Amino acid sequence: SSGINAEYGVGQAIKEAGIEVSEIDCVSYTKGPGMGAPLVSTAVVARSLAQLWRVPLIPVNHCIAHIEMGRQVTGADNPTVLYVSGGNTQVISYMNQRYMIFGETLDIAVGNCLDRFARVLQLSNEPCPGYNIEQLAKKGERFIELPYCVKGMDVSFSGLLSYIEGNAPKLIKSGKYTAADLCFSLQETVFAMLVEITERA
């Protein structure tokens with residue numbers, strides 16, 4: 001059950017950190033954004049631990065946590081960040097004591113686009129679909145022009161995905177393009193779109 005897994009995971013984390021529970025000053029957890037079920041189950045565990053250990057409970061924004069880790073690692077004072085994942089595609093910067101979104105996807109995230117196309121090609125989920133598309137793209141030799149949709153500082157991937165999902169089987173069957181060519185073309189197109197909106201910010 002998830003309760004047993006949480007208990008084991010917390011115990012392992014404390015053991016690996018080489019600390020005692022009495023040394024813990026607070027419990028933090030991802031409040032969002034993200035998928036509902038994992039967020040709720042994590043919040044329940046975090047609240048329980050905070051009450052059990054009598055320490056403050058600190059909610060954390062998932063996106064901001066990634067950005068702040070990047071700032072800490074790089075030493076950047078005020079970066080403009082291209083934040084991409086399976087569920088997010090945003091150009092973000094810090095302004096007036098808050099993070100501001102300058103551009104974002106108007107529909108699906110770039111990671112979702114890549115994941116769905118990997119399914120069309122029946123690529124493995126191990127270690128992840130985007131990585132497998134990247135490896136196949138390295139073998140691509142022919143570029144096919146795909147829909148390119150940048151609107152100001154926003155992007156749209158759904159039309160591009162619909163086009164390549166619908167046409168991939170017949171393009172490959174024709175012998176004119178390989179799966180590697182399509183991965184190469186998709187990757188180059190979405191990355192060019194992302195670079196364009198980031199440069200505008």
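Calculation notes
- Residues numbered from 1 in each chain as written.
- Predicted model: local features only at pLDDT ≥ 70, side-chain atom pairs only at ≥ 80, totals over all residues.
- Heavy atoms only, no water.
- Buried < 20%, exposed > 50% of the residue type's maximum accessible area, 1.4 Å probe, protein only.
- Helix = DSSP H or I, 4+ residues; strand = E, 2+ residues; numbered from the N terminus.
- Pairing = 2+ DSSP bridges.
- Contact = heavy atoms within 4.5 Å.
- Polar contact = N/O pair within 3.5 Å; in protein donor to acceptor, adjacent residues only side chain to side chain.
- pLDDT = per-residue confidence, 0-100.

Draft legend 1. Structural context of the pairing of strand β3 (residues 80–84). Residue alternation in β3 divides its side chains into a buried set, V81 and Y83, and an unburied set, T80, L82 and V84. Hairpin connection of β3 to strand β4 (residues 89–95): 4 residues between the antiparallel strands.

Draft legend 2. Seen up close, the environment of T189. In this fold, T189 is placed in helix α7 (residues 179–200). Residues T189 and N88, spaced 101 residues apart in sequence, show a C-alpha to C-alpha distance of 18 Å. Among residues more than four places away in sequence, those in contact with T189 are F143, L146, P147, Y148 and L160. A distance of 2.7 Å separates the side chain of T189 from the backbone oxygen of S185, its partner in a polar contact.

Draft legend 3. Expanded view of the confidence of the model for the protein. Per-residue confidence for the protein gives a mean pLDDT of 92; residues scoring 70 or more make up 98%. Summarising per-element confidence for the protein, the mean pLDDT is lowest in helix α1 (residues 2–17) (85) and highest in strand β7 (residues 154–155) (97).

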